[in-house]
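# Notes for the structure review
For reference, the chains in residue letters:
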Amino acid sequence: MLATLERGIKGGKWYSLIDKVWNETTLKLAAWAVIRNAGAPGIDHRTTEQLEAELSTEVAMLSRRIREDTYQPQPVKRVWIEKPGSVDKRPLGIPVVRDRVVQGAVRAVIEPIFEHEFAPQSYGFRPGRSAQQAIARIEQLLGEGYVWVVDADLKSYFDTIEQDQLLARIEEKISDGRILQMIKGFLKQGVMDTAKGWQPTERGTPQGAVLSPLLANIYLNPLDHEMAEQGYEMIRYADDFIVLCRTEAEAQRALAQVGEWVRKAGLTLHPDKTRLVDARQPGGFDFLGWHFERGQKRPRDKSVARLKESLRKVTPRNSGQSLGWMIERINHRLKGWAAYFRGGTGDGYRRVDQWVRMRLRSVLRGRVGRKGIGHGRDHQRYPNVYFADHGLISLNALACGQRASPA
């Protein structure tokens, strides 16, 4: 397949792919990916642990059903999750485990075809590409004078994709009718909402589905190429994107072009969140968890708030866990967070360190019958070095490459 992609396929379309989906090796690899990712069960209540225990039987059954054309996807379980910093909630789709496996197999087969055509300024959910690369490219462009930013926001993108347009773009590369019918089945499988029961899905792709990131990239790929052909520097990560320009006039033209393309694609730019930003002025812009302003970057406030929320869960004031247990889990979260948010400016990392030690002092204070948060003499009872001696790492040291001071 890869060799064919390099030399080109006759007619530019792929006609026979379904046999690669029902191949048991393909399905088994997809199943192991589902097992590793774990996740909640769908409407059939089957778990990834059950999939692992019955792996050979499940793979053989799915292979047979796909080969005999009797496989049918089940409705997606819809749950509503909190949106940080908002009273609104966003829908998350949870397919059943078997559908996740089949979607993974379909993705493994068709992704190389489309990956070969994706634009270089697209970084999200692609092999060998990452958010860190997108951030590095933004810093490079800002340093080169691309300081006017089109900060775009697609309103409810995954829920408003026009399925007919999406399928038409897939058909530009794939003519295997059974593959196309299978993808259409996933789009039309509907959702099961606890409050509303089964509902059809005439638009969009379910967030949480294995295929959704690839389908989202396929849908926006023409925009990537159109902007590049017009000479605009666009950076996109799934449905999040910005356009960096040298002048305000250029940014206005870029915004107009994006708006026209979005309208034709049946999508909507969020009227309150889409704006032009001069990155040299106070205020700046946010992208992929970072805040950019006047030549510097730091973790955005919402990113810090989410980190603190995760740390609160392991440091409740009435915790009965040992100090070592809490520090082990704190360190795990700080290391993961610092791996991404490394190299920012400001004293935000140091303030998080202070906040973490305050949480731990509050726990220790409560264990000797004192109420309230750690303060005052608690700093003498439990100085910074006390927590360092118990293994607590410093986010400031991790993210900034500095030595942590125990004092």
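Before going into details, it helps to say that this report is about the structure given with it. (Residues numbered from 1 in each chain as written. Predicted model: local features only at pLDDT ≥ 70, side-chain atom pairs only at ≥ 80, totals over all residues. Heavy atoms only, no water.)

We now examine the overall build of the protein chain. Per the secondary structure count, the protein chain includes 18 helices and 11 strands. Considered along the principal axes of its C-alpha atoms, the protein chain spans approximately 75 × 60 × 45 Å. Taking all 407 residues of the protein chain together, 46% fall into the buried category. Working note: accessible area of the protein chain is about 20,200 Å², and carbon and sulfur atoms make up 49% of it. One finds the centroid of the 63 positive side-chain charges in the protein chain at a distance of 8 Å from the centroid of its 48 negative side-chain charges. (Helix = DSSP H or I, 4+ residues; strand = E, 2+ residues; numbered from the N terminus. Buried < 20%, exposed > 50% of the residue type's maximum accessible area, 1.4 Å probe, protein only. Areas by Shrake-Rupley, 256 points an atom, 1.4 Å probe, with all protein chains shown as cover. Lys, Arg positive; Asp, Glu negative; His and termini not counted. Charge placed at Lys NZ, Arg CZ, Asp CG, Glu CD.)

Evaluation of the coordinates by the stated rule reveals 26 salt bridges. Of the charged contacts, one joins Arg178 and Asp69 as a salt bridge, the two residues approaching to 3.9 Å between their closest N and O atoms. Taken together, the positions of Arg178 in helix α10 (residues 177-187) and Asp69 in the loop between α5 (55-67) and β1 (76-82) put the pair 109 residues apart, joining distant regions of the chain. Asp69 sits in the exposed class, given a relative accessible area of 53%. The partner of Arg203 in a salt bridge is Glu162, and the shortest N-O contact between them spans 3.3 Å. Here Arg203 is found in the loop between β5 (197-199) and α11 (212-229), whereas its partner Glu162 is found in the loop between α8 (157-160) and α9 (163-171), with 41 residues between them in sequence. Looking at Arg203, the relative accessible area reads 40%, which means it is partly exposed. Via salt bridges that share partners, Arg46, Glu54, Glu58 and Arg98 belong to a single interconnected network. (Salt bridge = Lys/Arg side-chain N within 4 Å of Asp/Glu carboxyl O.)

Looking at the element boundaries, Ile66 is found in helix α5. Through-space distance from the C-alpha of Ile66 to that of Val277 is 50 Å; in sequence the pair is 211 residues apart. Sequence-distant contacts of Ile66, that is, excluding residues within four places in its chain, are made with Ile18, Val21, Trp22, Leu27, Tyr71, Val102, Arg178 and Met182. (Contact = heavy atoms within 4.5 Å.)

This part is about the pairing of strand β11 (residues 296-299). Looking at chain direction, strand β10 (residues 290-293) and β11 are connected through four bridges and run antiparallel. Across the sheet, the residue bridging to Phe292 is Lys297, located in β11. What sits between β10 and β11 in their antiparallel hairpin is a turn of two residues, with Arg294 showing a positive phi close to 50°. (Pairing = 2+ DSSP bridges.)

The sheet built from four strands is open, its strands ordered β6-β7-β3-β8 with antiparallel pairing. The open sheet is flanked by β6 (233-237) and β8 (275-278), the only strands paired with a single partner. Neighbour-to-neighbour, the strand axes of the sheet open up by a mean angle of 20°, direction not taken into account. Examined bridge by bridge, strand β3 (residues 148-153) and strand β7 (residues 240-245) share six bridges and lie antiparallel to one another. Of the residues in β7, the one forming a bridge with Trp148 is Cys245. Against the sheet, α11 contacts β6 and β7, and its axis sits at roughly 170° relative to β6. Its contacts with the sheet place helix α12 (residues 248-264) against β3, β7 and β8, and it is angled at close to 145° to β7. (Axes fitted to C-alpha atoms, helices over the stretch in contact; angles between N-to-C directions.)

Summarising the element assignment, Arg90 is placed in strand β2 (residues 89-94). Residue classification places Arg90 among the partly exposed positions, given a relative accessible area of 33%. Each C-alpha atom, one on Arg90 and one on Asp286, is 20 Å from the other, the two residues being 196 residues apart in sequence.

Once that is clear, we can look at the sheet that holds β1. As summarised here, the arrangement of the four strands in space is β2-β1-β4-β5, forming an open sheet in which the pairing is mixed. What marks the edges here is a single partner per strand, and that holds for β2 and β5. Across the sheet, the mean angle from the axis of one strand to that of its neighbour is 40°, orientation sign disregarded. Across three bridges, β1 lies against strand β4 (residues 191-193) in parallel orientation. Bridge pairing in β4 links Arg78 to Asp193.

This next bit is on the layout of surface pockets. Roughly 430 Å³ of volume is contained in the second largest pocket. Surrounding the second largest pocket, 19 residues form its lining, Ala33, Val34, Asn37, Arg100 and Val210 being those nearest its centre. Elements supplying a minimum of two residues to the lining of the second largest pocket: α3 (24-37), β2 and α6 (97-115). Sorting elements by how many residues they give to the lining of the second largest pocket places α3 first, with seven residues. (1 Å grid on protein atoms, 1.4 Å probe; cavity = no way out; pocket = protein on both sides within 12 Å on 5 of 7 lines; lining within 4 Å. Points joined across faces, edges and corners; volume = space filled by probe spheres on them.)

Distances and angles like these do not, on their own, reveal function.
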